[in-house]
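Commentary on secondary and tertiary structure
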Amino acid sequence: DQQVKQNSPSLSVQEGRISILNCDYTNSMFDYFLWYKKYPAEGPTFLISISSIKDKNEDGRFTVFLNKSAKHLSLHIVPSQPGDSAVYFCAASAQRGAQKLVFGQGTRLTINP
Amino acid sequence: SQTIHQWPATLVQPVGSPLSLECTVEGTSNPNLYWYRQAAGRGLQLLFYSVGIGQISSEVPQNLSASRPQDRQFILSSKKLLLSDSGFYLCAWTPGGQGNEKLFFGSGTQLSVL
């Protein structure tokens, strides 16, 4: 049972435009969500998070939106840069503690010059 | 600053051979430690986590095992590898205690079992 789904395996965006990565979840008990970014041959690095008490969190070029009624979150990158090319994982948790995190399959983002 | 080291970066092993992957964390004490696996086209799957020396919790039944002989050392092992053990293995840590979801990952080991 895939509780966290990233339905787009890949996404290609032109440099300078907006990148939107999507993530859907099925467990209504999830209340904390994170995005990780992964370059080839490296481990994922934490990017941004959001608690269910908020519907938006912004950090520089990165903004995460949470729609609890639709059980959907998205990561917006504006403007997109070549260094943003990576695999992005969303993760969700219903309880505190990293061992409770459920990860999506990842979306490979490619930024074209 | 804290760093995490994981080795080897790549490994090719025959079916039935043993496995030992090692991970060490520097610059922190009493971290929580984790082993994840990413199979092709799949998300990150938690295999084991540890909140202290000798304390191992297994999330997925399999022919892998983990050990934590020292505070900042985490080892993933197998006595006999299966083809299905192929994948990308990641070690990670969080500060000790509850309520911390921000994982810090190592660079990973690409394991190919042939």
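Presented here is a report on the structure given in the accompanying data block.

Before going further, it helps to spend a moment on the overall build of chain B. On a plain count of helices and strands, chain B comes out with zero helices and eleven strands. Shown N-terminal to C-terminal, the secondary structure of chain B runs as helices and strands in the order β-β-β-β-β-β-β-β-β-β-β. Its C-alpha radius of gyration of 13 Å places chain B within 12% of the 13 Å reference for a compact globule of 114 residues. When the backbone C-alpha atoms are referred to their principal axes, chain B occupies close to 40 × 25 × 20 Å. Across chain B, the fraction of contacts at a sequence separation of at least 24, relative to all contacts at a separation of at least 6, is 55%. Surface accessibility of chain B: about 5,300 Å² in total, with carbon and sulfur atoms responsible for 52%.

Our next topic: the nonpolar core. Membership of the largest hydrophobic core comes to 23 residues, with the highest contact counts inside it found for A:F33, A:W35, A:L73, A:L75 and A:Y88. Looking at this core, the elements with two or more residues in it are β3 (19-25), β4 (32-38), β5 (45-51), β7 (62-67), β8 (72-77), β9 (86-93) and β11 (107-112) of chain A. Residue contributions to this core peak at four residues, all from β9(A). Counting 20 residues, the second-largest nonpolar core is a separate cluster that includes B:L11, B:L33, B:L64 and B:W93.

Attention now goes to the environment of B:Y36. Position of B:Y36 relative to the elements: it lies in strand β4 (residues 32-38). Between the C-alpha atoms of B:Y36 and B:F105, which are 69 residues apart in sequence, the distance is 9.5 Å. Setting aside residues up to four positions removed in sequence, B:Y36 forms contacts with A:A98, A:F103, B:L44, B:Q45, B:L46, B:L47, B:F88, B:Y89, B:L90, B:L103 and B:F105.

Overall, the coordinates contain eleven aromatic pairs over all chains when judged by the stated rule. Cluster of aromatic residues (ring-pair linked, three or more members): A:Y36, A:F46, A:F103, B:Y34, B:Y36, B:Y49 and B:F105.

Right, let's get into the sheet that holds β3(A). Taking strand neighbours across the sheet as the criterion, the five strands line up as β1-β3-β8-β7-β6 (chain A) in an open arrangement whose pairing is antiparallel. Across the chains shown, the open sheet's two edge strands, defined by having one partner strand only, are β1 (4-5) and β6 (56-59) of chain A.

Glancing now at the interface of chain A and chain B. On the chain B side, the residues contacting the 20 residues of chain A number 20 residues. Of the roughly 1,600 Å² buried between chain A and chain B on both sides combined, carbon and sulfur atoms contribute 62%. By the criterion of area lost to chain B, the three top residues of chain A are A:A98, A:Q99 and A:F103, representing 33% of everything that side buries. At the junction of chain A and chain B, the tally comes to zero salt bridges. Linking chain A to chain B there are three residue pairs in polar contact (both at pLDDT 80 or more).

Moving on, we come to the environment of A:V102. Residues and elements named next belong to chain A. In this fold, V102 is placed in strand β10 (residues 102-103). Judged by relative accessible area, V102 falls into the partly exposed class, the value being 23%. Separated by ten residues in the primary sequence, V102 and A92 place their C-alpha atoms 5.3 Å from one another. V102 has contacts with Q3, V4, F30, C90, A91 and A92, leaving out every residue within four places of it along the chain.

Rules and cut-offs
- Residues numbered from 1 in each chain as written.
- Chains lettered and ligands numbered in written order.
- Predicted model: local features only at pLDDT ≥ 70, side-chain atom pairs only at ≥ 80, totals over all residues.
- Heavy atoms only, no water.
- Helix = DSSP H or I, 4+ residues; strand = E, 2+ residues; numbered from the N terminus.
- Rg over C-alpha atoms; globule rule 2.2 N^0.38 Å.
- Contact = heavy atoms within 4.5 Å.
- Areas by Shrake-Rupley, 256 points an atom, 1.4 Å probe, with all protein chains shown as cover.
- Core = buried A, V, L, I, M, F, W, Y, C linked by side-chain atoms within 4.5 Å.
- Buried < 20%, exposed > 50% of the residue type's maximum accessible area, 1.4 Å probe, protein only.
- Phe/Tyr/Trp six-rings, centres within 6.5 Å; stacked < 30°, edge-to-face > 60°.
- Pairing = 2+ DSSP bridges.
- Buried area = accessible area lost by both parts, 1.4 Å probe.
- Salt bridge = Lys/Arg side-chain N within 4 Å of Asp/Glu carboxyl O.
- Polar contact = N/O pair within 3.5 Å; in protein donor to acceptor, adjacent residues only side chain to side chain.

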